[in-house]
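What follows is each chain in one-letter form.
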Amino acid sequence: MTFINKLSAAWTANDSLLCVGLDPDLAKLPAQFQNDPQGIYNFCREIIDATADLACSFKPQIAYFAALSAEDQLERICAYVREHYPHMPLILDAKRGDIGATARQYAREAYDRYGADAVTVNPYMGSDSVEPYMEWSDRGVIILCRTSNPGGSDLQFLDVGGKPLYQHVARLVAEKWNSNGQCALVVGATFPEELAQVRAIVGDMPLLVPGIGAQGGDIAATVTSGRTANGAGMMINSSRAILYAAPQAGEDFATAARRVAEETRNAINQYRG
């Protein structure tokens, strides 16, 4: 099954546009995991089990694992998702950007080592930095377009033929780069007007949308700006707000994460039309 087919099925099966980001910060993990050599894996596994029926995808951020020399635990997490939730798209958030043989090695890392269904990449080096990922014809390539951070405007709003650069990127991907039909774009929830502009350019292409939750993006504006005609088309990511949700009376960390994930999923669904 291709990335796009798997994602479309997950939107329907779980009635969800929520992407759960896996960004394990050792200092924020519950105490029982902080002195556990496999604590990152065990924490993420419990988050996955608690939220798998509420999400449309999981997105581990590779830097949170690599910084702690925990790539082996990331491999185990990815294997766990593939074994127990094979219907759930697994997105490796790596934001890779290089050309030729080096890009091909990054693709091997994402698709072969970690078994990801899709990987995030940086388009700054142009089409030949994206092409090697297309050799895996069933896998997704999620290209940075309009990012959620304020500094993104330093480059993404540069004028390119009368249009901002992020719109030029969106058009390039939609019209020239999407040779396998498995591309998606990253567009931040913090800029709903620009999200709507990208949607108008790319049609039904999926959008990975960070920026709700801890970054403060407005759910109503995000969904109404980025949804497709059938009320789908997005993977709206929330990481810290779910992972580190404050437990209420009688809850453990996983129950709290599930509660916030369900609240977020339901809030998104209010505006899907």
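Overview of the structure.

Rules and cut-offs
Residues numbered from 1 in each chain as written. Predicted model: local features only at pLDDT ≥ 70, side-chain atom pairs only at ≥ 80, totals over all residues. Heavy atoms only, no water. Axes fitted to C-alpha atoms, helices over the stretch in contact; angles between N-to-C directions. Helix = DSSP H or I, 4+ residues; strand = E, 2+ residues; numbered from the N terminus. Parallel < 35°, antiparallel > 145°, perpendicular 65-115°, else oblique. Left-handed = near helix turned anticlockwise from the far one by under 90°. Contact = heavy atoms within 4.5 Å. Nonpolar A, V, L, I, M, F, W, Y, C, P; charged D, E, K, R; others polar. Salt bridge = Lys/Arg side-chain N within 4 Å of Asp/Glu carboxyl O. Buried < 20%, exposed > 50% of the residue type's maximum accessible area, 1.4 Å probe, protein only. Polar contact = N/O pair within 3.5 Å; in protein donor to acceptor, adjacent residues only side chain to side chain.

**Things to note about the packing of helix α3 (residues 39–51) against helix α12 (residues 253–269)**
And step 1. Two numbers describe how α3 lies on α12: the axes approach to 9 Å, and their chain directions differ by 45 degrees. Relative to α12, α3 is oriented oblique. For α3 against α12, the interelement crossing comes out right-handed. Two secondary-structure elements touch here, α3 through F43, E46, I47, A50 and T51 and α12 through F253, A254, A257, R258 and A261.
And step 2. Tallied by class, the residues present in the contact of α3 with α12 amount to seven nonpolar, one polar and two charged.

**With respect to the pattern of salt bridges**
And step 1. Across all of its chains, the model carries 13 salt bridges by this definition.
And step 2. A salt bridge links D15 to R272, with the nearest nitrogen and oxygen atoms 3.3 Å apart. Here R272 lies in the segment after α12 and D15 lies in the loop between α1 (3–13) and β1 (18–22), a separation of 257 residues in the sequence.
And step 3. Residue D15 is classed as partly exposed on the basis of its relative accessible area, which comes to 43%.
And step 4. Through salt bridges with shared partners, a single ionic network connects K59, D93 and K95.

**Comments concerning helix α10 (residues 219–226)**
And step 1. If you check which residues of α10 are buried, you get T222, V223, S225 and G226.
And step 2. Lining the buried residues of α10 we find α9 (192–202), β9 (207–209), β10 (234–238) and α12.
And step 3. At the N-terminal boundary of α10, the capping side chain belongs to D218, with an oxygen 3.3 Å from the backbone nitrogen of A220.

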